[in-house]
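Coordinate analysis (summary)
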Amino acid sequence: MPAQIPIKTIVEKTLEGIVQAQKDYSRWTDGNWLWNAPEYILSTYIAQKISKIDGAKFLTLENSATSAIEDAGARGRGKLPSKIRANGRFDVLLWWGSYKPRAVIEVKNQISSVDAIRDDLLRIKEVLKRKRNDSSFQFGIVAYYTSTIDSREFSAKERIEKRIDNIYKDASDIVGDELQITAFSKNIRVEYDSAWVAAALLIK
């Protein structure tokens, strides 16, 4: 049986995808940063990076939420909770090699507070709770890019550090005690009076 791909490896490749998207978009546009780009570019680069990991898995983009939940064995009876947004789609869906969904990855570009990802956090929380003993879903990730400029009081790097910390603390309150949430980020990149970072919240 193929070895299971470690969750931390998937998170790391998710972050690497955002970093690569920033580098390439800046090159394409002669200096523009990723916050100017459409959000689907982040999803595409994340999927590309994860797809290159050795191990049994595959990915789909913009996968129907309802069909993913059914494929995971988590449909059950009755109406799905509204927070799952069953009529919507997951940005990136990671599958086990056994053709069962393993993880939901939701992607956000240029966020400044938890308000921009609140619905994604609640969605992943409900997906992971749904028929937990029968479901093939193991974890979820909210991946995001954020950037800012120096202010009079703080450098751009300091503002990014505080932003990441506040998003994690607020996200922990939203997810609650039923699930575990962990924050990850790459090194903050500083250019002149501005800074950016690739970050993610792992929920399992």
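Relevant structure appears above.
Counting restarts for each chain, with residues numbered from 1 along the sequence as it is written. Reporting in this predicted model follows two pLDDT cut-offs: at least 70 for local features of residues, and 80 or more for side-chain atom pairs to be given and counted; totals over whole chains, interfaces and linings ignore these cut-offs and use all residues. The side-chain numbers reported here are obtained from all heavy atoms of the structure, hydrogens and water having been left aside.

So, the packing of aromatic side chains
The relation between two aromatic rings is expressed through the spacing of the ring centres and the mutual angle of the planes. Aromatic rings from Phe, Tyr and Trp, taking only the six-membered ring of Trp, are treated as a pair when their centres fall within 6.5 Å; an angle between ring planes under 30 degrees marks them as stacked, one over 60 as edge-to-face, and anything in between as tilted. Inspection of every chain in the model, using the stated rule, returns 5 aromatic pairs. Here the aromatic rings of phenylalanine 58 and tryptophan 95 are separated by 5.0 Å at their centres, their planes lie at 15 degrees, and the arrangement is stacked. Of the two residues, phenylalanine 58 sits in strand S1 (residues 57-64) while tryptophan 95 sits in strand S2 (residues 89-96), which places them 37 residues apart along the sequence. Its relative accessible area of 26% is what places phenylalanine 58 among the partly exposed residues. The interplanar angle of 50 degrees and the centroid separation of 5.3 Å between the aromatic rings of phenylalanine 58 and tyrosine 99 together place this pair among those described as tilted. Taken together, the positions of phenylalanine 58 in strand S1 and tyrosine 99 in the loop between S2 and strand S3 (101-109) put the pair 41 residues apart, joining distant regions of the chain. Relative accessible area serves as the criterion here: at 61%, tyrosine 99 is assigned to the exposed category. Members of the aromatic cluster, connected to one another through ring pairs, are Tyr25, Trp28 and Tyr45. The secondary structure listing takes helices from DSSP runs of H or I that are at least 4 residues long and strands from runs of E that are at least 2 residues long, numbered from the N terminus. In this scheme, a residue with accessible area under 20% of its type's maximum is buried, one over 50% is exposed, and one in between is partly exposed, where area comes from a 1.4 Å probe on protein chains only.

Points about the pattern of salt bridges
The salt bridge criterion pairs a side-chain nitrogen of Lys or Arg with a carboxyl oxygen of Asp or Glu, the two atoms within 4 Å. Under the definition given, this model contains 13 salt bridges. Put simply, aspartate 24 and arginine 27 hold a salt bridge, and the shortest N to O gap is 3.2 Å. Residue aspartate 24 and its partner arginine 27 are located together in helix H1 (residues 7-28), separated by 3 residues, close to a single helical turn. Accessibility expressed as a relative area gives 12% for aspartate 24, which makes it buried. Among the salt bridges present, the one from aspartate 120 reaches lysine 108, with a minimum N-O distance of 2.9 Å. Separated by 12 residues along the polypeptide, aspartate 120 in helix H4 (residues 118-129) and lysine 108 in strand S3 bring together distant segments of the chain. Salt bridges here are not isolated pairs; linked through shared partners, they connect Arg85, Lys108 and Asp120.

What to know about the nonpolar core
Residue types Ala, Val, Leu, Ile, Met, Phe, Trp, Tyr and Cys, when buried and joined through side-chain atoms within 4.5 Å, form a set referred to as a nonpolar core. Core analysis: the biggest nonpolar cluster contains 38 residues, and Phe90, Ile117, Leu121, Phe137 and Ile203 have the highest contact counts within it. For this core, the secondary-structure elements that each account for two or more residues are helix H3 (65-71), S2, H4, strand S4 (139-149), helix H5 (156-175) and strand S7 (194-203). Among the elements that take part in this core, H5 stands out by supplying 7 residues, more than any other. Judged by nonpolar contacts, the second largest core, of 32 residues, contains Ile5, Tyr25, Leu42 and Ala103.

Here we look at helix H2 (residues 40-51)
Any helix carries an expected span of 1.5 Å times its number of residues minus one. Compared with an ideal rise of 1.5 Å per residue, which puts 12 residues at 16 Å, H2 spans 16 Å between its outermost C-alpha atoms and is within 8% of the ideal. Throughout, a contact is declared for two residues whenever any of their heavy atoms are within 4.5 Å. Looking at the packing, one finds that the buried side of H2 touches H1, S1, S2, S3 and S4.

Brief notes about the packing of H4 against H5
To get an axis, a line is fitted to the C-alpha atoms, and for a helix only the part in contact is used. The angle between two axes follows their N-to-C directions and goes from 0 to 180 degrees. Close contact between H4 and H5 brings their axes to 10 Å; oriented N to C, the two are set at 40 degrees. Taken together, the axis directions place H4 and H5 in an arrangement best described as oblique. Crossing handedness for the pair H4 and H5: right-handed. Where H4 approaches H5, its residues Arg118, Leu121, Leu122 and Lys125 are matched on the opposing element by Ala171, Ile174 and Val175. Should an angle lie under 35 degrees it is considered roughly parallel, over 145 roughly antiparallel, and from 65 to 115 roughly perpendicular; all remaining angles are considered oblique. Definitions for this section: a left-handed crossing has its near helix turned counterclockwise from the far helix by less than a right angle. A right-handed crossing has that turn clockwise.

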